[in-house]
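The lines below spell out each chain.
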Amino acid sequence: MTLVNHQEINVVITAVAPAGSQVDADGNTGFIDQAKHPSWWSTDVSPPQVGDQLHAVVLDDSRTPPRLSALQNDIEMARALSEGE
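Residues numbered from 1 in each chain as written. Predicted model: local features only at pLDDT ≥ 70, side-chain atom pairs only at ≥ 80, totals over all residues. Heavy atoms only, no water.

Glancing now at the overall build of the protein. Broken down by element type, the protein carries one helix and five strands. Secondary structure elements in the protein, listed N-terminal to C-terminal, are β-β-β-β-β-α. The C-alpha radius of gyration computed for the protein amounts to 12 Å, which stays within 12% of the reference 12 Å derived for 85 residues, consistent with globular compactness. In terms of overall dimensions, the protein has C-alpha extents of about 35 × 25 × 20 Å along its principal axes. A burial count over the protein gives 33% of its 85 residues as buried. Taking contacts inside the protein between residues at least 6 apart in sequence as the whole, the part at least 24 apart equals 50%. Within the structure as shown, the protein displays about 5,100 Å² of accessible surface, and the carbon and sulfur contribution to it stands at 50%. Between the mean site of the 4 positive side-chain charges and the mean site of the 12 negative ones, the protein shows a separation of 6 Å. (Helix = DSSP H or I, 4+ residues; strand = E, 2+ residues; numbered from the N terminus. Rg over C-alpha atoms; globule rule 2.2 N^0.38 Å. Buried < 20%, exposed > 50% of the residue type's maximum accessible area, 1.4 Å probe, protein only. Contact = heavy atoms within 4.5 Å. Areas by Shrake-Rupley, 256 points an atom, 1.4 Å probe, with all protein chains shown as cover. Lys, Arg positive; Asp, Glu negative; His and termini not counted. Charge placed at Lys NZ, Arg CZ, Asp CG, Glu CD.)

Turning our attention to the environment of Gly51. Relative to the assigned elements, Gly51 resides in the loop between β3 (28-33) and β4 (53-60). Classification of Gly51 by relative accessible area gives partly exposed; the value is 43%. Excluding residues that lie within four positions of it along the chain, Gly51 makes contacts with Val12 and Ile13.

Once that is clear, we can look at the nonpolar core. Membership of the largest hydrophobic core is limited to twelve residues, which are Leu3, Ile9, Val11, Ile13, Val23, Ala25, Ile32, Leu54, Ala56, Val58, Leu68 and Ala70. Of all the secondary structure elements, the ones that give two or more residues to this core are β1 (8-17), β2 (20-25) and β4. Setting aside residues no more than four positions away along its own chain, Val58 makes contact with Leu3, Val4, Asn5, His6, Gln7, Arg67 and Leu68. (Core = buried A, V, L, I, M, F, W, Y, C linked by side-chain atoms within 4.5 Å.)

How two aromatic rings sit relative to each other is set out by the distance from centre to centre and by the angle between their planes. Per the counting criterion, the structure on display carries one aromatic pair. Pairing Trp40 with Trp41 gives two aromatic rings, centres 6.5 Å apart and planes at 80°, and the pair type is edge-to-face. Overall, the relative accessible area of 46% leaves Trp40 in the partly exposed class. Of the residues examined, Trp41 reaches a relative accessible area of 60% and is grouped as exposed. (Phe/Tyr/Trp six-rings, centres within 6.5 Å; stacked < 30°, edge-to-face > 60°.)

This brings us to the pairing of β4. Bridge analysis of β1 against β4 gives five bridges, and the strand direction is antiparallel. Within the sheet, the bridge partner assigned to Ile9 lies in β4 and is Ala56. With three bridges connecting them, β4 and strand β5 (residues 67-69) associate as antiparallel partners. Looking across to β5, one finds that Val57 is bridged to Ser69. Here β4 hands over to β5 after six residues, the two strands then running antiparallel side by side. (Pairing = 2+ DSSP bridges.)

Around the barrel, five strands lie side by side as β1-β2-β3-β5-β4; this closed barrel has mixed pairing. Each adjacent strand pair in this sheet contributes to an overall mean axis angle of 55°, direction not counted. In this structure, β1 lies alongside β2, joined through five bridges in antiparallel fashion. Residue pairing in the sheet places Ala15 in a bridge with Gln22 of β2. Lying over the sheet, helix α1 (residues 72-84) contacts β1, β4 and β5, oriented at roughly 50° with respect to β4. (Axes fitted to C-alpha atoms, helices over the stretch in contact; angles between N-to-C directions.)

Here it is, written out as structure tokens:
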């Protein structure tokens, strides 16, 4: 399966770096920028760790690896954009 823009998918974090997290998205590699992880915006959410499971949305499928977001606002925006297509 290829990841496509606005697609929602469950992911598992496979590596963490200062810039963000590499994730496995159903056999595909993706990347969640640090600012697109809920911990960046809330002290109530733990920082990303290898093995964490997240629900995410594909923001940019043209990048290698594709860029994803685990922010609820981005997920809701992707749903609205998908409904309008």
